[in-house]
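# Close look at the chain arrangement
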Amino acid sequence: MLYDFRSFVNPGAYAFGKGTFNHLGELVERRHENSDSWTVFIVDDYFKGKSLIERLPKKDNDLLIWIDTVDEPKTTLVNQYRDEILAHNTKLPSVIVGIGGGTTMDYAKSVGLMVTNPGDSAEYQGLDLIKNKGIYTICIPTISGTGAEVSMTAVLSGPEKKLGIKCDYTIPNEIIFDPELLATVPDEQRFYTGMDCYIHNIESLSGTWVSTLGQVFAEKSVELCREVFLDSNLSRIDADEKLMAASLTGGNSITYSQVGVCHALSYGLSHVLGVHHGVGNCVAFNQLEEYYPEGYKEFKKMQEVQGVAIPTGITANCTEEQFDQMVETAWALEHMWDNAFGKEWRNHITKAKIKELFRRM
Ligand SMILES: [Fe+2]
């Protein structure tokens, strides 16, 4: 087990429901102690020129940082955004607001920590390496499924590894769940990210680390995923509200258990080929019928109902060196293999088998 004992932290406050984004200004004000208190908004650049930006409670002394989400979050950019914040004002900000998907929220979470912890963010990739708590962080998901809004991990690609900054302080302090913000997410992207959530639950439920609490969260989340992706009678806004709840409960399910084979392989794809996490999970899960037969069957059904194609042939032009790198990235995620197969996981999976799975993708 990764933890001998741990009392898990959850976000301190949630606002849930249609229109809750309208209250962001009030929530930010509550954290401002003085007239010169200020806020950093870290926002997915998809929203450039969109009406959401006019609704931000941004004042003259606040800072807005746009996030390009083409690549997964990088330690170098976390350092750069931290430097930008420190140069903006001699006083530290009171609040960091992250608005976007998993990538943007992971930037908000890690930048909030790096403002109060010196050095290179790559030095903090791992468990409990952060010394000081960060800036009060409010996360506002605009696409749902990653569970980044509730997780204790901010996943980063560093010079050597793809690994999260993971500790109690990484948990956002507050979340605004407003399903109206999901209205413009394209169907394919919504599906890939939604499947990240579905796969969290399948890996959690079938893992050796599953606890009763992890199971409770995962079972409810799977039920919600079924409603969202198999029930064609649901309106989009109602489905999105359920998807937000599924993301939250699915995220909690892996806090109280762990992910498995699919996530280990998906990390390899994104670290070496830059494949987005949700897409990488779908590409990997598409080859994992032997490990997750029931989940695989349902995943294919959801894919059919939603009319979304899973990319194939993405490793077709990979070199042997790239395959080896992907295998090593996946192999290093021991906690995921341990959850999937138990302590004796090396008796159940080999590097050759992992390479063969990557070749099929
Ligand atoms: Fe995930």
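Residues numbered from 1 in each chain as written. Predicted model: local features only at pLDDT ≥ 70, side-chain atom pairs only at ≥ 80, totals over all residues.

### Examining the sheet that holds strand S8 (residues 162–166)
Taken together, the three strands give an open sheet; going across it, the order is S5-S8-S7, and neighbouring strands pair in mixed fashion. Single-partner strands in this sheet number two, and they are strand S5 (126–127) and strand S7 (153–157). Sheet topology places S5 next to S8; two bridges connect them, and they run parallel. Across the sheet, the residue bridging to Leu127 is Lys166, located in S8. (Pairing = 2+ DSSP bridges. Helix = DSSP H or I, 4+ residues; strand = E, 2+ residues; numbered from the N terminus.)

### Here we look at the domain arrangement of the protein chain
A common way to state how big an interface is: give the accessible area lost once the parts meet. When the domains of the protein chain are assigned, the result is domain 1 (13–182) and domain 2 (187–360). Averaged C-alpha coordinates put domain 1 and domain 2 at centres separated by 25 Å. Looking at the side of domain 1 that touches domain 2 residue by residue, the class counts come to seven nonpolar, eight polar and four charged. (Domains from an automatic or database assignment. Nonpolar A, V, L, I, M, F, W, Y, C, P; charged D, E, K, R; others polar.)

### A look at the sheet that holds strand S3 (residues 63–67)
Spatially, S1-S9-S6-S4-S2-S3 is the arrangement adopted by the six strands of the open sheet, whose pairing is parallel. At either margin of the open sheet sits one strand with a lone partner, and together these are strand S1 (13–16) and S3. Going from strand to strand, the sheet's axes swing by 15° on average, the running direction of each strand aside. With five bridges connecting them, strand S2 (residues 39–44) and S3 associate as parallel partners. Paired with Val43 across the bridge in S3 is Trp66. Helix H4 (residues 102–114) contacts S2, S3, strand S4 (95–100) and strand S6 (136–141) of the sheet and is inclined by roughly 165° relative to S4. (Axes fitted to C-alpha atoms, helices over the stretch in contact; angles between N-to-C directions. Contact = placed C-beta atoms within 7 Å.)

### Some remarks on the pairing of S7
Judged by how many residues are buried, S7 sits mostly within the fold: five of five residues are covered. Burial along S7 is two-sided: Thr153, Val155 and Ser157 facing one way and Ala154 and Leu156 facing the other are all buried. Relative to S8, S7 is paired through five bridges, and the arrangement is antiparallel. Within the sheet, the bridge partner assigned to Leu156 lies in S8 and is Leu163. Counting the residues that bridge the hairpin from S7 to S8 gives four residues. (Buried ≥ 20, exposed ≤ 12 C-beta atoms within 10 Å, placed from the backbone.)

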